[in-house]
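# Summary of structural features
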Amino acid sequence: MQDYLNFLEQLAAEYRNTPLNAADKNYAIEVISRLESQQSLEGRPVKNPPILTASIILAPACQVLIPDAPWRKDYIDPNRILHQQISPKFAKSAGGLSLLDLLQK
């Protein structure tokens with residue numbers, strides 16, 4: 001699991017809040033998927049890994065919003081919205097925030 005985290009952290013550091021190229025985006029999606037599977041096997045959540053946003057940026061999970069209130073999604077910066085190919089369940093367990101929960105507060 002640590003290898004997956006290291007890869008994502010290195011990729012995030014390399015791009016520094018700029019969009020990933022197509023190849024690296026695909027690598028990030030694959031690694032995040034494998035990280036989710038590994039997390040399920042080990043039974044312990046990964047806290048605050050870099051995850052992919054709708055604008056193809058890797059951001060700390062705690063800064064990413066899960067688009068569970070689709071009527072508000074268009075009003076939120078895409079740098080903060082979870083990428084559609086990343087599991088909301090994984091994002092939530094990693095520290096992602098529920099857009100719906102934030103709206104209800």
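The rules behind the values
Residues numbered from 1 in each chain as written. Predicted model: local features only at pLDDT ≥ 70, side-chain atom pairs only at ≥ 80, totals over all residues. Heavy atoms only, no water. Salt bridge = Lys/Arg side-chain N within 4 Å of Asp/Glu carboxyl O. Buried < 20%, exposed > 50% of the residue type's maximum accessible area, 1.4 Å probe, protein only. Helix = DSSP H or I, 4+ residues; strand = E, 2+ residues; numbered from the N terminus. Expected span 1.5 Å × (residues − 1). Arc of directions from axis to C-beta. Contact = heavy atoms within 4.5 Å. Core = buried A, V, L, I, M, F, W, Y, C linked by side-chain atoms within 4.5 Å. Axes fitted to C-alpha atoms, helices over the stretch in contact; angles between N-to-C directions. Parallel < 35°, antiparallel > 145°, perpendicular 65-115°, else oblique. Left-handed = near helix turned anticlockwise from the far one by under 90°. Nonpolar A, V, L, I, M, F, W, Y, C, P; charged D, E, K, R; others polar. Polar contact = N/O pair within 3.5 Å; in protein donor to acceptor, adjacent residues only side chain to side chain.

To continue, consider the pattern of salt bridges. Counting across every chain of the model gives three salt bridges. Across the salt bridge formed by R44 and E42, the nearest N and O atoms sit 2.8 Å from each other. Overall, the relative accessible area of 48% leaves R44 in the partly exposed class. Residue E42 is classed as partly exposed on the basis of its relative accessible area of 35%. The shortest N-O distance in the salt bridge between K92 and D101 comes to 3.7 Å.

Attention now moves to helix α1 (residues 2-15). When the terminal C-alpha atoms of α1 are compared, their 20 Å separation across 14 residues agrees well with the 20 Å that a helix rising 1.5 Å per residue should span. Looking at α1, one finds that the buried residues are L5, L8, L11, A12 and Y15. For α1, the angular spread of the buried residues around the axis is 130 degrees, confining them to a single face. Opposite the packed face of α1, turned more than 90 degrees from it, sit the exposed residues D3, Q10 and E14. Where α1 is buried, its residues touch α2 (22-42), β1 (50-52) and β2 (58-60). In the segment just after α1, R16 is the residue with positive phi, at about 45 degrees.

The subject of this paragraph is the nonpolar core. Among the nonpolar cores identified, the biggest contains 26 residues, and L20, I32, I51, L52 and L58 are the most heavily contacted of them. Elements that contribute at least two residues to this core include exactly α1, α2, β1, β2 and α4 (88-94). Residue contacts for I51: discarding those within four places in its chain leaves I32, I57, L58, A59, A61, V64, L82, F90 and A91.

Attention now goes to the environment of P49. Here P49 is to be found in the loop between α2 and β1. The exposure class assigned to P49 is buried, which follows from its relative accessible area of 1%. Excluding residues that lie within four positions of it along the chain, P49 makes contacts with L5, L35, A59, P60, A61, F90 and A94.

The interhelical angle for the contact between α1 and α2, taken along N-to-C directions, is 150 degrees, at an axis separation of 9 Å. When the interaxial angle is binned, α1 and α2 end up roughly antiparallel. By crossing handedness, the relation of α1 to α2 is classed as left-handed. In this structure, α1 uses Y4, L5, F7, L8, L11 and Y15 to contact α2, whose residues at the interface are D24, Y27, A28, V31, I32, R34, L35 and Q38. Across the contact of α1 with α2, the residue classes tally to eleven nonpolar, one polar and two charged.

Another point: the side chain of S98. With respect to the helices and strands, the residue S98 is situated in strand β4 (residues 97-98). Of note is the side chain of S98, whose polar atom sits 2.5 Å from the side chain of D68. With residues near it in sequence (within four places) discarded, S98 still touches I66, D68 and K92.

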